[in-house]
Amino acid sequence: MEKNAPIGFFDSGVGGLSVYSKFRNILPFENAIYYGDLKNLPYGNKTQEELIGFARNILDFFKSKDVKAVVIACNTSSALAYDFVKDDYDFKIYPIIQSCAKVIAGMQAKRIGVFATEGTVKSGAYERELLKYKPELEIKAIACPNWVSIVEGVNLVDADFDIKLHLDEMMKFIPDKIILGCTHYPYLLEKLTKFAPRNIFIDPAEIFVDYIKNDLLLTDSCNLGFEEFYVSADAESFIKNSQLFYNVKKCNNLNACIGNFS
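What counts and what doesn't
Residues numbered from 1 in each chain as written. Predicted model: local features only at pLDDT ≥ 70, side-chain atom pairs only at ≥ 80, totals over all residues. Heavy atoms only, no water. Salt bridge = Lys/Arg side-chain N within 4 Å of Asp/Glu carboxyl O. Helix = DSSP H or I, 4+ residues; strand = E, 2+ residues; numbered from the N terminus. Buried < 20%, exposed > 50% of the residue type's maximum accessible area, 1.4 Å probe, protein only. Expected span 1.5 Å × (residues − 1). Contact = heavy atoms within 4.5 Å. Pairing = 2+ DSSP bridges.

**Q** Mind showing me how you'd approach the pattern of salt bridges here?
**A** Any two side chains of opposite charge can pair, given that their charged atoms come close. In this structure the tally under the stated criterion is twelve salt bridges. Between Arg56 and Asp88 there is a salt bridge whose closest N-O contact spans 2.6 Å. With Arg56 in helix α2 (residues 48-64) and Asp88 in the loop between α4 (82-85) and β4 (92-95), this pair connects stretches of sequence that are 32 residues apart. The exposure class of Asp88 is partly exposed, given its relative accessible area of 45%. Between Asp160 and Lys191 there is a salt bridge; the shortest N-O distance is 3.5 Å. Here Lys191 lies in helix α10 (residues 189-192) and Asp160 lies in helix α9 (residues 159-171), a separation of 31 residues in the sequence. Residues joined in a network through salt bridges with shared partners are Asp160, Lys191 and Lys194.

**Q** Mind showing me how you'd approach helix α11 (residues 204-215) here?
**A** An α-helix turns once per 3.6 residues; consequently, residues spaced three or four apart project the same way. Over its twelve residues, α11 extends 17 Å from the first C-alpha to the last, a length consistent with the 16 Å expected when each residue adds 1.5 Å. Of all the positions in α11, only Pro204, Ala205, Ile207, Phe208, Val209 and Ile212 are classed as buried.

**Q** In this structure, what is going on with the environment of Tyr82? I would like to understand it.
**A** Along the chain, Tyr82 turns up in helix α4. Linking Tyr82 and Ala55, residues 27 residues apart in sequence, is a C-alpha distance of 8.1 Å. In this structure Tyr82 touches Ile72, Ser77, Ile93, Pro95 and Gln98, once residues within four positions along its chain are discounted.

**Q** When you look at the sheet that holds strand β7 (residues 177-181) in this model, what are you seeing that I'm missing?
**A** Sheet strands line up and pair through hydrogen bonds in the backbone, either parallel or antiparallel. Strand order in this open sheet of four strands is β6-β5-β7-β8, and the pairing throughout is parallel. Strands at the two margins of the open sheet, each flanked by one partner only, are β6 (138-143) and β8 (201-202). Here strand β5 (residues 111-116) runs beside β7; their pairing, made up of five bridges, is parallel. Residue pairing in the sheet places Ala116 in a bridge with Gly181 of β7.

In short, shape yes, function no, at least from these values alone.
Here it is as structure tokens:
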């Protein structure tokens, strides 16, 4: 695989930018392409068959771009689609849950909570992966079906009320740590920390990027890498909401967005 080829990233929307922004800050010389599947947002309530189909379509797109690797910056796709597509392409595919589980399980925690989408919770992916490395862990996963749409600005529920409702339920479990098991959820940390200490929350994006950095065939370029952003729908909304974590500046008529990190 060509070491200077781009790396693909995908998510259902802007959530994956929480991974991508950390990646660009650590590896600015890498070329990268980001795909936000806003047409099919949110992923959390989709069937496994639908998610596998979305993943194949996006991976086929990245194949046409001659990428050297693809980062699944989406917990739901990692939980429900990765195992069905991982061997079908000639580039490496990095799933967020499976890539982070060993490090998280190694933390000084006996009780771990997981906030995630309905699809991720029903899959049992976090429990399955974490218990591989620490069978004695106690894990409680709670689905937060409104949180993605709150971040994407398409849900008019009272965000503070909804967040506190789920957090109150989780705190009854008395967790040592809580995994933000959807890449959209770190956008809600400001609200979450109104009701719980910051150090209880784990953002897997930080662990994920470190894993990729140590595994990836890195470029030998000393020039700032190019980046391209694509969306399947609603480019204007993507640009607006991206500003929470990343400075996507503009989109052309083909939904190819050009931006840079700040």
